[in-house]
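Chain and residue survey
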Amino acid sequence: MTQRALDSSGEQTPGPSRPTMIDAGAELDPVHPMEPPPPRRPDGLSTAEVAERVARGEVNDVPVRSSRSVTEIVRANVFTRFNLIIGVLWVIMLFVAPIQDSLFGFVIVANTGIGIIQEWRAKKTLDSLAVIGEAKPTVRRDGVAAEISTSEIVLGDLVELGPGDKVVVDGTVSEADSLEIDESLLTGEADPVIKRAGDPVMSGSFVVAGGGAFTATKVGREAYAAQLAEEASRFTLVHSELRSGISTILKYVTWMMVPTAIGLIISQLVVKDNNFKESVARTVGGIVPMIPEGLVLLTSVAFAIGVVRLGRKQCLVQELPAIEGLARVDVVCLDKTGTLTEGGMDVTEVRPLNGSDEAYVAQVLRTFGSSDPRPNASLQAIIDAYPAADGDALPAGGDDDALPAGGGDAESWTVTDAMPFSSARKDSGAAFPEADGTDTVWLLGAPDVLLSEGDATLTEIEQLNEQGLRVLLLARAEGELDAPGAAAGAAPTALVVLEQRLRPDAGDTLAYFADQNVATKVISGDNAVSVGAVAGKLGLAGAENTLDARRLPTDPDEMATAMEENAVFGRVTPQQKRDMVAALQSRGHTVAMTGDGVNDVLALKDADIGVSMGSGSEATRAVAQIVLLNNSFATLPSATTEGRRVIGNITRVATLFLTKTVYSVLLAILVVCFQVEYPFLPRHLTLLSTLTIGVPAFFLALAPNKERAQPHFVRRVMRYAIPSGVIAAAATFATYLVARHHYSGEGALEAETSVATLTLFLVSMWVLAIIARPYTWWRVGLVAAMGLGFLIVLVVPWLQDFFALKLVGAPMPWTAVGIAVAAAALLEFTWRWVGRRFGM
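Residues numbered from 1 in each chain as written. Predicted model: local features only at pLDDT ≥ 70, side-chain atom pairs only at ≥ 80, totals over all residues. Heavy atoms only, no water.

For the rest of this paragraph, the subject is helix α22 (residues 682–701). The largest bend along α22 measures about 50° and falls at Thr 690. Counting buried positions along α22 gives 15 out of 20 residues, so the element sits mostly inside the fold. (Bend = angle between axes of the 7 residues up to and from the residue. Helix = DSSP H or I, 4+ residues; strand = E, 2+ residues; numbered from the N terminus. Buried < 20%, exposed > 50% of the residue type's maximum accessible area, 1.4 Å probe, protein only.)

Spelled out as structure tokens, the structure:
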């Protein structure tokens, strides 16, 4: 007899789980070596035996983590390619130039420290959430079943299993009650495997039906999937267009920087016969700004702060790029139960069919419910309506006196066999002898599956479905319960009408996605009309466009068309959910899938972003990138907003950083070609970078941003950064050349540097002003504060001396301003043209 019946729609009772992701792929060997079954120990290990195994180290001590260790965080932030370059240049500057020319080094130290602290905060958030959602497998010791931490399992422990539970260590089945296990995450085979006593089970697989228990034969790092689980659940930076785009940019920057820097060194140290120390300082001043060192920092900080913000809302991000990925989603596939509706249901009516006695039906339902110690939502509703008690618990209209001959009481009806729910069959079953000795076989499941097409009862059911009610059919079958085709010819006995509890926040969430032009598809194992009615109550656009998945085309292209034309799908099997996700992806859609039942696992695994409810089955949470620990579908808009904030803001600040890189490289090339001194010292560019990039970029990167994420990050950034950098470099160098003809004598180079710095600052400020749009009070204040900061440097004597900035005379500074104004006008024209030509 099964330990747990499942819902007729395929929705399963959520169970405890831990946030671990396993995806070994199909290349693993699906053939499991048979092991001799361990001695049968129905009571499990004793306390003394557990203590002995712990002393021997036979414990499941795999350190599965949801984030990088502190050591890895420090190493990743400190030991970078650009930190090495800047570190070497910093050491050189400390020996050959005043301290103000070494400020860039202190800025890098501060930036690195900020990155480490922010990521450490994100790590603490991830780890604390992982502990909250940690799996608590049920282990039997001394004959008593109790939940313990996965890490406390020892070799030889007897671990109980139920539908939705994940096998956490390798073992051998000791007890099996219609036990079916899905090993697709390990072998790639989608069909569940029936397990019997003595069969091996492997960590990473999960139970889809039935129940039982297994004895742990391999724990810790010896378990089959332990290494995969540990690796897959770590902090990961893969599959992110943002990060891969920045890596691509940095690769090209390195290629440009190396030859340019060599040419600049030769120009300043060999061709020009200058003071050696000043030549070194100006050479370093030309190399340092080529490096967009803060871009990587701000990306990490933006991701880390996103994790912390979502963590406060009980949203566990198991893979950081999932924040970005959710923001790029244009289709969200929702599972109804647990997402649009709450887990609980209520029996609103039981309609006897074909003259069945109401009290007799109540007795059957009572027995059906009492057979399952771990009922799902539908069966729990039946148990609540028909508790296993004496006749006084019968619903109105039914009493003991009304029972037919042989009815008996609840205690005389004992379930002798049970059949777990199957998403393919859409029903579950039970067999029990009645008081008169008659053996009866009962099925409880989807009416439109159990009844033949054209049955008159279907019309009645259709009317109930149109009201958004869930309807189960109780039918009496002939023959053996597990016989093929047991449902054929089953005699309809009663309709069980269930009312689902709508999530109060689901309507607002659906409205949010509609407002953001994100298509919403409701995919369920329930009747399509009933699901459509529920979705309609919540205001889903297109809820009237329903389709029974049994009529869904098998051709991927035709299926994709059907997916795009309809919004609600019913009677969907687990494999169909997977195929539907693939069909949408084939049309170029970025697909998110939400779910909480085992029947959602395959689709969650294949979707671009898998989202699981915190109360979902352990297997569901195992493959999801995002787990909503508060079980609130309304958290998804927050996660989407965080992703859009990260993508939109990093795109903005990347343009700032790369504009600086472009104009720095071009200035160096122009200096080499014209054989002149490099116009800037490191202190000048440190000041400019701080005021026009560093400080504003930090605020802009963390600002609210609800712009829809756009693809092609590198292309979009470079469309603006290259022309901006070219204009800034041309305007600055033009000012510098004019100043070289204007000034002469002692102090001429310092005066030329000052006016060139003024032009570059003004042009860079205009780039910042463009990027800061649309303006809000704080964005205007930010730009104004940066301008005021530069003005203070120009007017305060000791700051003039510290930064070697002093405007000499009036004609040349005003010329510098005029050139900057012309460059700003050209910038405006260029940005508008690029926006019209390629789109923002």
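With that out of the way, let us pick up the nonpolar core. Of all hydrophobic cores here, the largest spans 95 residues; its most connected members are Phe 104, Ile 650, Val 653, Leu 656, Phe 713 and Phe 790. With 14 residues, the top contributor of residues to this core is helix α24 (residues 748–771). Residues contacting Leu 656, with those up to four places away along its chain left out, are Thr 692, Ile 693, Ala 697, Leu 700, Val 767, Leu 768 and Ile 771. Judged by nonpolar contacts, the second largest core, of 36 residues, contains Ala 122, Leu 310, Leu 326 and Val 329. (Core = buried A, V, L, I, M, F, W, Y, C linked by side-chain atoms within 4.5 Å. Contact = heavy atoms within 4.5 Å.)

Looking along the chain, the bond that leaves Arg 773 and enters Pro 774 is cis, with omega of -5°. Structurally, the position occupied by Pro 774 is in the loop between α24 and α25 (777–795). Look at Asn 354: it is not a glycine, yet its phi comes out positive at around 55°. By the secondary structure assignment, Asn 354 is in the loop between β10 (341–352) and α11 (358–370). Here the phi dihedral of Arg 571 falls at roughly 55°; this positive angle occurs in a residue that is not glycine. Looking at where Arg 571 falls in the secondary structure, it is placed in the loop between β18 (568–570) and α18 (574–586).

Moving on: the pattern of salt bridges. Per the counting criterion, the structure on display carries 20 salt bridges. Ionic pairing is found between Lys 577 and Asp 335, a salt bridge with its closest N-O pair at 3.5 Å. In this pair, Lys 577 is assigned in helix α18 and Asp 335 in strand β9 (residues 331–335), connecting sequence segments 242 residues apart. Asp 335 matches Lys 577 in its accessibility class, with the two residues each being buried. Ionic contacts of the salt-bridge type, sharing partners, join the residues Asp 448, Asp 548, Arg 550 and Arg 571 into one network. (Salt bridge = Lys/Arg side-chain N within 4 Å of Asp/Glu carboxyl O.)

Our next topic: the pairing of strand β13 (residues 439–445). Within β13, six of the seven residues are buried, which leaves the element mostly enclosed by the surrounding structure. Bridge analysis of strand β12 (residues 427–433) against β13 gives seven bridges, and the strand direction is antiparallel. By the bridge assignment for β13, Pro 433 is matched with Asp 439. Taken together, β12 and the strand that follows it, β13, pair antiparallel across an intervening segment of five residues, in which Gly 437 is found at a positive phi of about 90°. As judged from the five bridges shared by β13 and strand β14 (residues 470–477), these two strands associate in the antiparallel manner. What sits directly across from Leu 443, in β14, is Ala 475. (Pairing = 2+ DSSP bridges.)

Applying the stated criterion to the full structure yields 11 aromatic pairs. Ring centres 5.0 Å apart and planes at 80° place the aromatic pair Phe 802 and Phe 803 in the edge-to-face group. Assessed through its relative accessible area of 25%, Phe 802 is described here as partly exposed. You can call Phe 803 buried: its relative accessible area is 10%. Grouped by ring-pair contacts, the aromatic residues Tyr 512, Phe 513 and Phe 633 constitute a single cluster. A cation over an aromatic ring shows up here: Lys 251 above the ring of Tyr 252, its NZ or CZ 5.6 Å from the ring centre. (Phe/Tyr/Trp six-rings, centres within 6.5 Å; stacked < 30°, edge-to-face > 60°. Lys NZ or Arg CZ within 6 Å of the ring centre and 35° of its normal.)

What follows deals with a nonpolar patch on the surface. There is a patch of nonpolar side chains on the surface, built from Val 70, Val 74, Val 78, Phe 79 and Trp 120 and spanning about 440 Å² of accessible area. When residues of the nonpolar patch are assigned to their parent elements, the largest contribution, three residues, is made by helix α2 (residues 70–78). With respect to the element layout, Trp 120 can be found in helix α4 (residues 103–132). With a relative accessible area of 37%, Trp 120 lands in the partly exposed category. (Patch = residues over 30% accessible without salt bridge, like charges linked within 9 Å, V, L, I, M, F, W, Y side chains within 5 Å. Areas by Shrake-Rupley, 256 points an atom, 1.4 Å probe, with all protein chains shown as cover.)

It is worth stressing that arrangement in space is one thing and function is another; only the former is reported here.
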